[in-house]
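So the chains spell out like this:
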Amino acid sequence: MAKQPSGFKEFCRKRLVALKRKPQTIALLAMAIAFLYYSLNLTQISNTTARIQGQGMGLAGFATMLFSILSLVCFLNAFPHRKKVNIPMLVLMLLMVGIVIYCDSYYGGCINTAITRAENRIDPTGANAFIATAAHVLNVHTVILCVGVALVALLPVYAKLLRKINTNIDVEDNSGMGKIDISGEDA
């Protein structure tokens, strides 16, 4: 009898088999990480909106949260289980991610305007350090979203590469399989 793999090696093999079946999980994780990163730093974004009070900043922050959640829902509907890719949902998801990236850049522009204007300039240090943190959060969020979009675009490429990985378990003593009589005749 062959010895079955166990422990960490078997755990990794099972995860790799799951990725081979659903390679879109990689892109979904990137999009979920972007959403979580923005959501967990929402306090700095909200404090920045309250301090700067630029035109449309609150709406941009709201749109970012709303379209981030909706893009995740569209992503899940774009790749249904054991069916072809739902192209309209994929296009809608990419459109929403584009809106989120635009809102991030608009919000970042409002921050940049507030800290570089000639009169009544806001200093992003000391008590207002959250403004610099919010600008950094927006930049990192945009980068993670771009990586997620790239992973969605390259899905056919790395899906083929994942399929080439051998995840079979070597089973010893299969040499006697040819000697088994399956004809059903009594000898």
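Definitions and limits used
- Residues numbered from 1 in each chain as written.
- Predicted model: local features only at pLDDT ≥ 70, side-chain atom pairs only at ≥ 80, totals over all residues.
- Heavy atoms only, no water.
- 1 Å grid on protein atoms, 1.4 Å probe; cavity = no way out; pocket = protein on both sides within 12 Å on 5 of 7 lines; lining within 4 Å.
- Points joined across faces, edges and corners; volume = space filled by probe spheres on them.
- Helix = DSSP H or I, 4+ residues; strand = E, 2+ residues; numbered from the N terminus.
- Nonpolar A, V, L, I, M, F, W, Y, C, P; charged D, E, K, R; others polar.
- Axes fitted to C-alpha atoms, helices over the stretch in contact; angles between N-to-C directions.
- Parallel < 35°, antiparallel > 145°, perpendicular 65-115°, else oblique.
- Left-handed = near helix turned anticlockwise from the far one by under 90°.
- Contact = heavy atoms within 4.5 Å.
- Core = buried A, V, L, I, M, F, W, Y, C linked by side-chain atoms within 4.5 Å.
- Buried < 20%, exposed > 50% of the residue type's maximum accessible area, 1.4 Å probe, protein only.
- Patch = residues over 30% accessible without salt bridge, like charges linked within 9 Å, V, L, I, M, F, W, Y side chains within 5 Å.
- Areas by Shrake-Rupley, 256 points an atom, 1.4 Å probe, with all protein chains shown as cover.
- Salt bridge = Lys/Arg side-chain N within 4 Å of Asp/Glu carboxyl O.
- Expected span 1.5 Å × (residues − 1).

Draft legend 1. How the structure looks around the layout of surface pockets. Roughly 580 Å³ of volume is contained in the largest pocket. For the largest pocket, the lining is made up of 22 residues, of which Arg-21, Lys-22, Pro-23, Gln-24 and Phe-79 are closest to its centre. The set of elements that each furnish at least two residues to the lining of the largest pocket consists of helix H1 (8-21), helix H2 (24-40), helix H4 (57-78) and helix H7 (155-163). In terms of residues, the lining of the largest pocket owes the most to one element, H7, which gives four residues. Looking at the lining of the largest pocket residue by residue, the class counts come to 13 nonpolar, three polar and six charged.

Draft legend 2. Inspection of empty space enclosed by the protein at higher detail. Applying the stated rule across the entire model yields one cavity of 30 Å³ or more. Reported here for the largest cavity is a volume of approximately 50 Å³. As for the largest cavity, its lining consists of Met-31, Phe-35, Ser-68, Ser-71, Leu-72 and Leu-145. Counting residues per element, the ones that place at least two in the lining of the largest cavity are H2 and H4. When residues of the lining of the largest cavity are assigned to their parent elements, the largest contribution, three residues, is made by H4.

Draft legend 3. Spotlight on the packing of H2 against helix H6 (residues 129-153). It is the contact of H2 with H6, at a shortest axis distance of 8 Å, that shows an interaxial angle of 165 degrees. When the axes of H2 and H6 are compared, the pair comes out roughly antiparallel. The handedness of the crossing between H2 and H6 comes out as left-handed. Every residue of H6 that contacts H2 at Ile-26, Ala-27, Ala-30, Met-31, Ile-33, Ala-34, Tyr-37 and Tyr-38 is listed here: His-136, Val-137, Leu-138, Val-140, His-141, Ile-144, Leu-145, Gly-148, Val-149, Leu-151 and Val-152. Across the contact of H2 with H6, the residue classes tally to 16 nonpolar, three polar and no charged.

Draft legend 4. Highlighting the nonpolar core. Judged by nonpolar contacts, the single largest core of 37 residues is most densely connected at Ile-45, Ile-52, Met-93, Tyr-107 and Ile-111. Contributions of two or more residues to this core are made by H2, helix H3 (42-52), H4, helix H5 (87-116), H6 and H7. Apart from residues lying up to four places away in sequence, Tyr-107 is in contact with Ile-45, Thr-48, Thr-49, Met-57, Ala-60, Gly-61 and Leu-138.

Draft legend 5. Molecular detail of the packing of H5 against H6. Interhelical geometry of H5 versus H6 gives an angle of 155 degrees and a closest axis separation of 10 Å. Here H5 is positioned roughly antiparallel relative to H6, judged by the angle of their axes. The way H5 lies across H6 gives a crossing that is left-handed. Of H6, the residues touching H5 (which contributes Leu-90, Met-93, Leu-94, Val-97, Val-100, Ile-101, Asp-104, Tyr-107, Gly-108, Ile-111 and Ile-115) are Ile-131, Ala-134, Ala-135, Leu-138, His-141, Thr-142, Leu-145, Cys-146, Val-149 and Val-152. Residue composition of the contact of H5 with H6, grouped by class: 17 nonpolar, three polar and one charged.

Draft legend 6. Broad picture of a nonpolar patch on the surface. A contiguous nonpolar surface patch, about 380 Å² in accessible area, is contributed by Leu-59, Phe-62, Leu-66 and Leu-70. We classify Leu-70 as partly exposed; its relative accessible area is 33%.

Draft legend 7. Summary view of the side chain of Ser-68. With respect to the helices and strands, the residue Ser-68 is situated in helix H4. Once residues lying within four places of it in the same chain are set aside, the contact partners of Ser-68 are Phe-35, Ala-63, Val-100 and His-141.

Draft legend 8. Just H2, in detail. The end-to-end C-alpha distance of H2, which contains 17 residues, comes to 24 Å, matching closely the 24 Å that a straight helix rising 1.5 Å per residue would cover. Where H2 is buried, its residues meet H3, H4, H5, H6 and H7.

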